[in-house]
Amino acid sequence: MLFRADAEITGSSNAAEVGKRPRRQAKVVYQINPSYLMGDVNVGAAIIGTTKAFGDNLNTMTMAGYVIVNPYVSYKLSDKTTVSLIGNNIFDKLAFTEIENGQAARALNGRSVRATLTYKF
């Protein structure tokens, strides 16, 4: 999935914001989810990214673009049992999704890995 936006502020109580890009609005946001099934093994990844965005409506603070990779592998042990290994932000990328007044920021979670055992009954 690819989303492209060329957003622009067209009206504001602050005339300096008019014509600027809205805060947190990147030009391109994308998600790619390749996967491959080989018998009982399923391998894939969710790749999520964005181009740079501004942290304010005056476009004075810039948040860098990022790519986050979330790989997974699962193995079907039986018709009812599956074991999985899932990684989130596997390359431990520092990715900001918002900045407020240059004093506070919200970042995506760092690297994490989890294993699961699923039994269907």
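Residues numbered from 1 in each chain as written. Predicted model: local features only at pLDDT ≥ 70, side-chain atom pairs only at ≥ 80, totals over all residues. Heavy atoms only, no water.

Novice: Honestly, the side chain of asparagine 59 in this entry has me stumped. Any pointers?
Specialist: In this structure, asparagine 59 sits in the loop between β5 (53-54) and β6 (62-63). Look at asparagine 59 and you get buried, because its relative accessible area is 19%. Looking at asparagine 59, its side chain comes within polar contact range of the main-chain oxygen of arginine 21, at 2.8 Å. In this view, asparagine 59 contacts Lys20, Arg21 and Phe54; residues no more than four positions away in its chain are not counted. (Helix = DSSP H or I, 4+ residues; strand = E, 2+ residues; numbered from the N terminus. Buried < 20%, exposed > 50% of the residue type's maximum accessible area, 1.4 Å probe, protein only. Polar contact = N/O pair within 3.5 Å; in protein donor to acceptor, adjacent residues only side chain to side chain. Contact = heavy atoms within 4.5 Å.)

Novice: What's the story with the packing of aromatic side chains in this structure? I'm lost.
Specialist: To describe a pair of aromatic rings, you give the distance between the ring centres and the angle between the ring planes. Here the structure, examined in full by the defined rule, presents 1 aromatic pair. Ring geometry for tyrosine 119 against phenylalanine 121: centres 6.1 Å apart, planes inclined by 20°, an arrangement best described as stacked. Tyrosine 119 sits in the partly exposed class, given a relative accessible area of 49%. (Phe/Tyr/Trp six-rings, centres within 6.5 Å; stacked < 30°, edge-to-face > 60°.)

Novice: For this particular structure, what's the right way to read the pairing of strand β8 (residues 81-88)?
Specialist: Here is the key point about a regular strand: its side chains alternate between the two faces of the sheet. With 5 bridges joining them, strand β7 (residues 66-76) and β8 adopt antiparallel strand pairing. Paired with lysine 76 across the two strands is threonine 82, which belongs to β8. Counted between consecutive antiparallel strands, the loop separating β7 from β8 contains 4 residues. Inspection of the sheet shows β8 paired to strand β11 (residues 112-119) by 8 bridges, in the antiparallel sense. Bridging from a neighbouring strand, serine 84 pairs with threonine 116 of β11. (Pairing = 2+ DSSP bridges.)

Novice: So what exactly am I meant to see when it comes to a nonpolar patch on the surface here?
Specialist: A contiguous nonpolar surface patch, about 520 Å² in accessible area, is contributed by Tyr36, Met38, Val43, Val73, Leu85 and Val113. According to the relative accessible area criterion, valine 113 is exposed, its value standing at 53%. (Patch = residues over 30% accessible without salt bridge, like charges linked within 9 Å, V, L, I, M, F, W, Y side chains within 5 Å. Areas by Shrake-Rupley, 256 points an atom, 1.4 Å probe, with all protein chains shown as cover. Salt bridge = Lys/Arg side-chain N within 4 Å of Asp/Glu carboxyl O.)

Novice: Explanation requested: the layout of surface pockets in the structure shown.
Specialist: A water-sized probe rolled over the atoms picks out the places where empty space is left. Of the pockets and cavities examined, the largest pocket occupies roughly 180 Å³. Looking at the largest pocket, it is lined by 13 residues, and the ones nearest its centre are Arg24, Ala26, Thr50, Tyr66 and Thr97. Looking at side-chain class alone, the lining of the largest pocket contains 8 nonpolar, 4 polar and 1 charged residues. (1 Å grid on protein atoms, 1.4 Å probe; cavity = no way out; pocket = protein on both sides within 12 Å on 5 of 7 lines; lining within 4 Å. Points joined across faces, edges and corners; volume = space filled by probe spheres on them. Nonpolar A, V, L, I, M, F, W, Y, C, P; charged D, E, K, R; others polar.)

All we've got here are geometric facts, nothing functional implied.
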